[in-house]
Amino acid sequence: MKRSNQSGSMVLNILLIIMFIIIGVLIYILAGGPIPKFGNVTGVQSPQMPTGSDAALIQNPRVFSDGLENPDFSEQYQLDEFGAGVSERDIFDRDIDGDGRRDRITRTRHENGTPHFYYEYKIELNKNGEFIDITPDGFRTTEGAECALQKLQFVFQPTFQVIKISRDWSESWDTPTMANRTVYEINNGQMPPGATTPLKVVCNVADLF
């Protein structure tokens, strides 16, 4: 009888030791330790997820803006049966030459029934209640289904200027070519183009703003 009790106590002690080992391994794994290897089987770790600025970039991808926000007038229009025509017009009343009078910028979206729509811009200075058109030639975008060949961005601080980045078409809409940057500023009531600066070969010029 005594030997039987000793054998039972030994088995119980062995079971307790095994249980403590298992609990210790589980605690170690839950605390962040690596999953132990058993033979040729290795624990599979979850893929590392992006954090910080990388995660923010994925959740909030960069979207181009032409710098014109909160229009003072906005109207949408009916397109024809082919989906072509003027679809919307926005007017922005802003003092762009610093004389205290509200000048006018008009943005008009044109559709032609294909993905190749475009925005047309008109800039007018307020001269004692009379609006003078000072829009430079070619002040419009060139938009493709995948890539834009010309975009404009309006900057109001510290001084008013318009940045135009454009590239030539070659072979197809999606064929990258050298993009160029031109800055326009008001000078003596006009908006002459500044020097043109080559940038890089791209497909979508919106990526360079």
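Given the structure is predicted, the values throughout are model-derived calculations rather than measurements.

Together, I14, L15, I18 and I22 make up an exposed nonpolar region whose accessible area comes to about 370 Å². Considering the arrangement of structural elements, one finds L15 in helix α1 (residues 2-30).

Mapping H110 onto the fold places it in strand β3 (residues 103-112). Here the side chain of H110 touches E120 through a polar contact of 3.0 Å, side chain to side chain. For H110, the residues in contact, after removing those within four places along its chain, are G85, V86, F117, Y118 and E120.

Considering all chains together, one arrives at one disulfide under this definition. In this model C147 forms its disulfide with C203; the gap between the sulfur atoms is 1.6 Å. In this structure the cystine formed by C147 and C203 twists about its S-S bond by roughly 95°; its chirality is therefore right-handed. In this pair, C147 sits in the loop between β6 (142-143) and β7 (148-155) while C203 sits in the segment after β10 (193-202), placing the two residues 56 residues apart along the sequence. Residue classification places C147 among the buried positions, given a relative accessible area of 6%.

Of all hydrophobic cores here, the largest spans 17 residues; its most connected members are I123, F154, F160 and V162. Among the elements that take part in this core, strand β4 (residues 118-127) stands out by supplying four residues, more than any other. With sequence-adjacent residues up to four places away left out, I123 is seen in contact with I96, R104, I132, D133, I134, T135, F139, F154, F160, V162 and M191.

Moving on to the sheet that holds β10. Pairing is antiparallel in the open sheet, where five strands are placed in the order β6-β7-β8-β9-β10. Lying at the two open borders of the sheet, with one neighbouring strand each, are β6 and β10.

Another point: unusual backbone geometry. Residue Q157 is joined to P158 through a cis peptide bond whose omega torsion reads 0°. Along the chain, P158 falls in the loop between β7 and β8 (161-167). The phi dihedral of E171 falls on the positive side, at around 70°, and the residue is not glycine. Summarising the element assignment, E171 is placed in the loop between β8 and β9 (177-185). On the basis of relative accessibility, which here comes to 69%, the residue E171 falls in the exposed class. Its identity is not glycine, yet N188 carries a phi of approximately 55°, on the positive side.

By secondary structure assignment, the location of L208 is in the segment after β10. L208 sits 57 residues away from K151 along the chain, and the two C-alpha atoms are 9.9 Å apart. Excluding anything up to four places from it in sequence, L208 contacts I165, A179, L199, K200 and V202.

Now for the pairing of β4. Bridge count between β3 and β4: seven bridges; the pairing is antiparallel. For H110, the partnering residue across the bridge sits in β4 and is Y118. Hairpin connection from β3 to β4: five residues lie between these consecutive antiparallel strands, with G113 at a positive phi of about 80°. With four bridges connecting them, β4 and strand β5 (residues 130-133) associate as antiparallel partners. Looking across to β5, one finds that K127 is bridged to E130. In sequence, β4 turns back onto β5 through a hairpin of two residues, with N128 there showing a positive phi of about 55°.

Parameters and conventions
Residues numbered from 1 in each chain as written. Predicted model: local features only at pLDDT ≥ 70, side-chain atom pairs only at ≥ 80, totals over all residues. Heavy atoms only, no water. Patch = residues over 30% accessible without salt bridge, like charges linked within 9 Å, V, L, I, M, F, W, Y side chains within 5 Å. Areas by Shrake-Rupley, 256 points an atom, 1.4 Å probe, with all protein chains shown as cover. Salt bridge = Lys/Arg side-chain N within 4 Å of Asp/Glu carboxyl O. Helix = DSSP H or I, 4+ residues; strand = E, 2+ residues; numbered from the N terminus. Polar contact = N/O pair within 3.5 Å; in protein donor to acceptor, adjacent residues only side chain to side chain. Contact = heavy atoms within 4.5 Å. Disulfide = S-S within 2.5 Å. Buried < 20%, exposed > 50% of the residue type's maximum accessible area, 1.4 Å probe, protein only. Core = buried A, V, L, I, M, F, W, Y, C linked by side-chain atoms within 4.5 Å. Pairing = 2+ DSSP bridges.

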